[in-house]
2 protein chains.
Amino acid sequence: MVPCFSSKVILVHAGNTDAWFKCVQTFCNPGDGVLVSEWTYPSAVATMVPYNIKPVAVSMDGQGMSSVGLKKVLEKWDESTTGMPRPRVMYIVPIGQNPTGATMGIDRKQEIYDICVEFDVLIVEDDPYYFLQEAPYVPQSERSATVRFINDEAYLSSLAPSFLSIDYQGRVIRLDSFSKTIAPGCRLGWFTCNSTFAERFERQGETTTQAPCGFGQSIVTALLLNWGYDGYIRWLRALASQYQLRRDFILDCLGDEFHLKLDYETSGVWSGCDIYRAFDKAPADVAFNEKLAAIQPMFSLVSPTSGMYIWLQLHLDNHPSFNSDGDGETLEMQLWTDLAEAGVLFAPGWMFSAKEDNLDAPGEGQFRISFSHADFDATKKAITTFGVVVRKFFEEMTRRHVP
Amino acid sequence: MVPCFSSKVILVHAGNTDAWFKCVQTFCNPGDGVLVSEWTYPSAVATMVPYNIKPVAVSMDGQGMSSVGLKKVLEKWDESTTGMPRPRVMYIVPIGQNPTGATMGIDRKQEIYDICVEFDVLIVEDDPYYFLQEAPYVPQSERSATVRFINDEAYLSSLAPSFLSIDYQGRVIRLDSFSKTIAPGCRLGWFTCNSTFAERFERQGETTTQAPCGFGQSIVTALLLNWGYDGYIRWLRALASQYQLRRDFILDCLGDEFHLKLDYETSGVWSGCDIYRAFDKAPADVAFNEKLAAIQPMFSLVSPTSGMYIWLQLHLDNHPSFNSDGDGETLEMQLWTDLAEAGVLFAPGWMFSAKEDNLDAPGEGQFRISFSHADFDATKKAITTFGVVVRKFFEEMTRRHVP
């Protein structure tokens with residue numbers, strides 16, 4: 001599974017959430033900061049905040065955390081203005097980044113690792129989606145029906161190497177989980193790290209979770225022994241293919257619902273990515289639609305290449321009428337509420353912001369859409385509903401401004 | 001199982017150790033103290049200490065924590081001398097107290113509860129041995145062969161009521177566990193507490209353990225549904241009888257190995273208890289033995305009435321030659337090492353001390369002996385070995401002083 005160097009120890013844990021909690025308790029003191037991507041897993045931040053340990057946001061691009069952004073934060077660190085020592089710990093989800101779905105290649109990892117060596121930063125590599133890496137999206141009309149991975153070797157060699165694989169100093173603590181590959185809720189995963197840290201995690205376990213549930217360990221162990229290594233890899237390969245099918249299906253549905261225009265992004269969170277900008281496809285009033293399309297797309301997205309999420313950027317920012325909203329509710333939350341009332345539940349973007357003020361300015365908005373759970377019929381229905389709701393939302397907004 | 005008042009909520013957790021950790025994190029701040037019995041579960045103390053939360057020892061008698069001792073600590077609390085605010089949280093194992101095996105009756109619980117009301121102290125009732133309550137020990141020669149509990153009703157009515165059962169203010173947080181009744185290592189138990197605390201524990205779980213392992217929950221739930229309430233009680237009754245059999249057997253073995261003289265204790269940790277003082281039974285040199293017996297017993301013990309531990313007090317304190325031991329090793333640890341080398345593993349008493357200086361003075365010593373795990377043959381062998389080792393130990397000590 002994960003390469004195990006002679007200097008590394010594997011220790012089971014009760015799921016990556018608890019493992020990250022143990023990292024925070026082991027490595028951080030109150031008043032410390034932890035380096036995270038500007039959009040990050042909110043639970044990871046919620047784990048630290050009660051102990052007065054704050055997220056330090058690093059800018060992102062299409063591969064996730066930016067090495068340029070990281071270096072800038074660390075080089076320019078000023079304890080007197082930030083009120084905290086320079087961060088010594090990084091939390092990162094390098095594959096299927098939560099929420100953006102980005103996949104980080106080995107070159108970027110090497111750049112980040114080298115910077116962490118320079119500034120003595122520990123890297124906690126939270127990698128639950130590692131085995132769910134997907135090929136780039138190809139629109140339905142251009143897609144062949146062939147299976148993606150013709151054999152296990154092709155699958156394994158397609159996987160991006162981990163931070164662990166380039167760790168020669170023992171500064172990577174890798175968190176793996178069975179929750180995305182065997183069963184959600186099995187609360188079973190493993191640390192891979194140097195033996196000094198592993199010993200501390202084990203001691204910490206003695207006054208908290210002890211070992212993971214014995215029944216769960218027995219069941220998963222029996223399954224793995226029964227499968228053997230080859231069976232396990234075959235299972236993971238099929239799983240990755242299944243996620244790719246679902247990813248393709250939900251993007252196909254969005255393609256049915258909207259006109260997706262391919263573009264290339266050169267700045268911001270999606271810098272270096274092929275981006276799809278979504279326009280209204282077939283409104284009743286064609287003339288109106290041409291006008292709208294000329295102004296702006298309704299939203300943009302990038303096809304994720306791993307994991308189970310689509311990160312969707314709403315383009316609401318050219319509509320000044322909504323900025324003066326007195327009740328403080330953002331456009332994002334207004335649309336979120338409309339969708340929820342229509343029976344579609346997306347995760348609102350503000351939850352994932354690592355910045356000090358984690359509420360979007362009025363006019364901005366993001367959604368994280370999960371495609372892991374729903375079957376194809378439910379996904380189709382949800383995206384159709386999303387189309388109806390989002391068109392209505394934009395139409396109402398735009399009618400106020402287009403004469 | 002546990003009576004559930006309308007104002008109480010039941011919430012599953014990942015075992016009592018983790019549940020106590022969550023109580024500490026929820027209720028305590030760094031610099032606080034937590035009320036514990038003077039001999040207490042060491043893991044409970046180890047949970048607090050890294051957060052600079054210290055145990056505050058309360059004296060004990062034959063029922064566990066003393067209400068007189070508790071009142072004294074709280075009434076005389078002086079923040080300026082102790083350097084910490086008056087404790088607001090108590091940790092207590094009222095049934096099968098770990099390590100002494102004491103069982104606390106309802107009258108004592110009511111006294112302690114009332115004091116906690118007066119001083120606004122939360123009571124964390126860690127009660128994993130609740131269903132393992134045993135009848136008083138009757139020596140083998142006087143014991144009838146009849147089964148202890150003739151039916152479920154007799155068993156249930158024999159159980160001491162819990163702190164929870166008298167809690168009218170929501171200040172009791174009860175921790176139950178399946179680890180002593182279904183399987184060790186299943187990491188599954190439950191909080192019973194007011195809904196405000198339960199909500200906080202649930203939120204805290206979201207950034208740590210999440211829910212307990214789903215496989216474990218499924219297995220235990222299926223078992224309970226299959227048994228039904230009656231089947232569960234029948235299982236618990238049989239389990240309590242099994243523990244009583246083992247308790248009786250190990251005490252019988254000690255009775256075979258030593259002369260156990262019944263006495264009644266009026267002070268200290270065993271105040272109010274029938275106590276057994278153990279003398280050498282059949283030494284080669286009878287005259288020597290008479291002399292030794294006239295001086296002192298080798299150790300004393302009280303038959304536990306719940307749980308799985310015998311707490312054994314060694315009488316080493318009249319042997320000044322050992323006080324001047326230069327290497328700082330206590331008599332307790334010298335004997336412990338002799339026993340371990342002979343293949344018998346007891347828990348050394350110093351581990352369980354909640355007092356500031358948790359090393360015994362030279363000449364004092366305690367052991368905690370578990371009778372939960374070993375089968376009868378292994379128990380017999382262990383106690384025989386213990387007899388050989390402890391007699392040799394005392395003989396060597398005594399020969400230096402008896403002309």
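Everything discussed here concerns the structure shown above.
Residues numbered from 1 in each chain as written. Chains lettered and ligands numbered in written order. Predicted model: local features only at pLDDT ≥ 70, side-chain atom pairs only at ≥ 80, totals over all residues. Heavy atoms only, no water.

Participant: Even after reading the chapter, I still don't get the relation of the copies chain A and chain B, so can you show me in this structure?
Facilitator: Two copies of one chain are present, and they are related through a rotation about an axis combined with an axial shift. Taken as rigid bodies, chain A and chain B are interconverted by a rotation of 180° and an axial shift of 0.0 Å, the fit giving an RMSD of 0.0 Å. Here the copies are linked by what is in effect a two-fold axis. A high fraction, 100%, of the interface residues of chain A reappear at the interface in chain B, so the copies pair face to face through one surface. (Least-squares fit on C-alpha atoms with pLDDT ≥ 70 in both. Contact = heavy atoms within 4.5 Å.)

Participant: What is the right way to look at helix α1 (residues 16-27) of chain A in this model?
Facilitator: In an α-helix, one full turn covers 3.6 residues, which means residues spaced three or four apart are oriented alike. Residue and element names in this part refer to chain A. Taking 1.5 Å as the rise per residue, α1 with twelve residues should run 16 Å; its terminal C-alpha atoms sit 16 Å apart, in good agreement. Within α1, eleven of the twelve residues are buried, which leaves the element mostly enclosed by the surrounding structure. Turning to α1, its buried residues are Asn16, Thr17, Asp18, Ala19, Trp20, Phe21, Lys22, Cys23, Val24, Gln25 and Phe27. (Helix = DSSP H or I, 4+ residues; strand = E, 2+ residues; numbered from the N terminus. Expected span 1.5 Å × (residues − 1). Buried < 20%, exposed > 50% of the residue type's maximum accessible area, 1.4 Å probe, protein only.)

Participant: Looking at this model, I keep getting lost on the side chain of Ser37 of chain A. Mind explaining?
Facilitator: With respect to the helices and strands, Ser37 of chain A occurs in strand β2 (residues 33-37). Ignoring any residue separated from it by four or fewer positions in sequence, one finds Ser37 of chain A in contact with Val58, Met60, Met65, Gln97 and Ala354 of chain A.

Participant: How do you make sense of the packing of aromatic side chains when you look at a structure like this?
Facilitator: To describe a pair of aromatic rings, you give the distance between the ring centres and the angle between the ring planes. Residues and elements named next belong to chain B. Summed over all chains, the structure comprises 45 aromatic pairs over all chains. Seen from their ring centres, Tyr129 and Tyr309 are 5.9 Å apart, and the 85° between their planes marks the pair as edge-to-face. Of this pair, Tyr129 sits in the loop between β7 (122-126) and α6 (152-158) while Tyr309 sits in strand β13 (residues 309-315); the two residues are 180 residues apart in sequence, bridging distant segments of the chain. Note on Trp227 and Tyr232: the rings are 6.4 Å apart at their centroids and 25° apart in plane angle, and the pair reads as stacked. (Phe/Tyr/Trp six-rings, centres within 6.5 Å; stacked < 30°, edge-to-face > 60°.)

Participant: Is there a simple way to explain the sheet that holds strand β6 (residues 89-92) of chain B in this structure?
Facilitator: In any sheet, the strands associate via hydrogen bonds between backbone groups, in a parallel or an antiparallel arrangement. Residue and element names in this part refer to chain B. Reading across from one edge, β1-β9-β8-β7-β6-β2-β3 is the order of the seven strands in this open sheet, with mixed pairing throughout. Only two strands of the sheet have a single neighbouring strand rather than two, namely β1 (8-13) and β3 (54-58). Sheet twist, expressed as the mean angle between neighbouring strand axes with direction ignored, is 25°. Where β6 lies against β7, four bridges are found, and the strand directions are parallel. When the sheet's bridge partners are listed, Ile92 is paired in β7 with Glu125. (Pairing = 2+ DSSP bridges. Axes fitted to C-alpha atoms, helices over the stretch in contact; angles between N-to-C directions.)

Participant: Explain the packing of helix α3 (residues 67-75) of chain A against helix α5 (residues 106-118) of chain A to me, please; I cannot follow it from the model alone.
Facilitator: Between two packed helices, both the angle of their axes relative to each other and the distance between the axes serve to describe the pair. All names here are of chain A. Between α3 and α5, the least distance of the axes is 9 Å, while the angle of their chain directions is 10°. As the angle between them shows, α3 and α5 are arranged roughly parallel. Contacts between α3 and α5 involve Ser67, Leu70, Lys71 and Leu74 from the first element and Arg108, Glu111, Ile112, Ile115, Cys116 and Glu118 from the second. Of the residues belonging to the contact of α3 with α5, the class tally is five nonpolar, one polar and four charged. (Parallel < 35°, antiparallel > 145°, perpendicular 65-115°, else oblique. Nonpolar A, V, L, I, M, F, W, Y, C, P; charged D, E, K, R; others polar.)

Participant: Quick question: what am I supposed to make of the sheet that holds strand β6 (residues 89-92) of chain A here?
Facilitator: Residues and elements named next belong to chain A. In space, the seven strands of this open sheet follow the order β1-β9-β8-β7-β6-β2-β3, with mixed pairing throughout. Both outer strands of the open sheet, β1 (8-13) and β3 (54-58), are each paired with one neighbouring strand and no more. Ignoring strand direction, the axes of neighbouring strands in this sheet form an average angle of 25°. The sheet contact formed by strand β8 (residues 172-177) and strand β9 (residues 189-194) spans four bridges and is antiparallel. Paired with Leu175 across the bridge in β9 is Phe191. Of the strands in this sheet, β2, β3 and β6 touch α3, which is tilted by about 130° from β3.

Participant: Explain empty space enclosed by the protein to me, please; I cannot follow it from the model alone.
Facilitator: One simple way to see leftover space: roll a probe sized like a water molecule over the atoms. Scanning all chains against the criterion turns up four cavities of 30 Å³ or more. There is about 80 Å³ of room inside the largest cavity. Forming the walls of the largest cavity are Ala14, Arg187, Thr209, Ala211, Pro212 and Cys213 of chain A together with Ala14, Arg187, Thr209, Ala211, Pro212 and Cys213 of chain B. Here the residues of the lining of the largest cavity sort into eight nonpolar, two polar and two charged. (1 Å grid on protein atoms, 1.4 Å probe; cavity = no way out; pocket = protein on both sides within 12 Å on 5 of 7 lines; lining within 4 Å. Points joined across faces, edges and corners; volume = space filled by probe spheres on them.)

Participant: I tried to follow the layout of surface pockets on my own but got confused; where do I start?
Facilitator: Residue and element names in this part refer to chain B. What the second largest pocket holds in volume is close to 750 Å³. What lines the second largest pocket is a set of 33 residues, among which Tyr129, Ser179, Lys180, Met308 and Tyr309 lie closest to the centre. Broken down by secondary-structure element, the contributors of at least two residues to the lining of the second largest pocket are α1 (16-27), α2 (42-48) and α8 (214-257). Here the lining of the second largest pocket spans two domains, since at least three of its residues come from each of domain 1 (8-237) and domain 2 (244-399). (Domains from an automatic or database assignment.)

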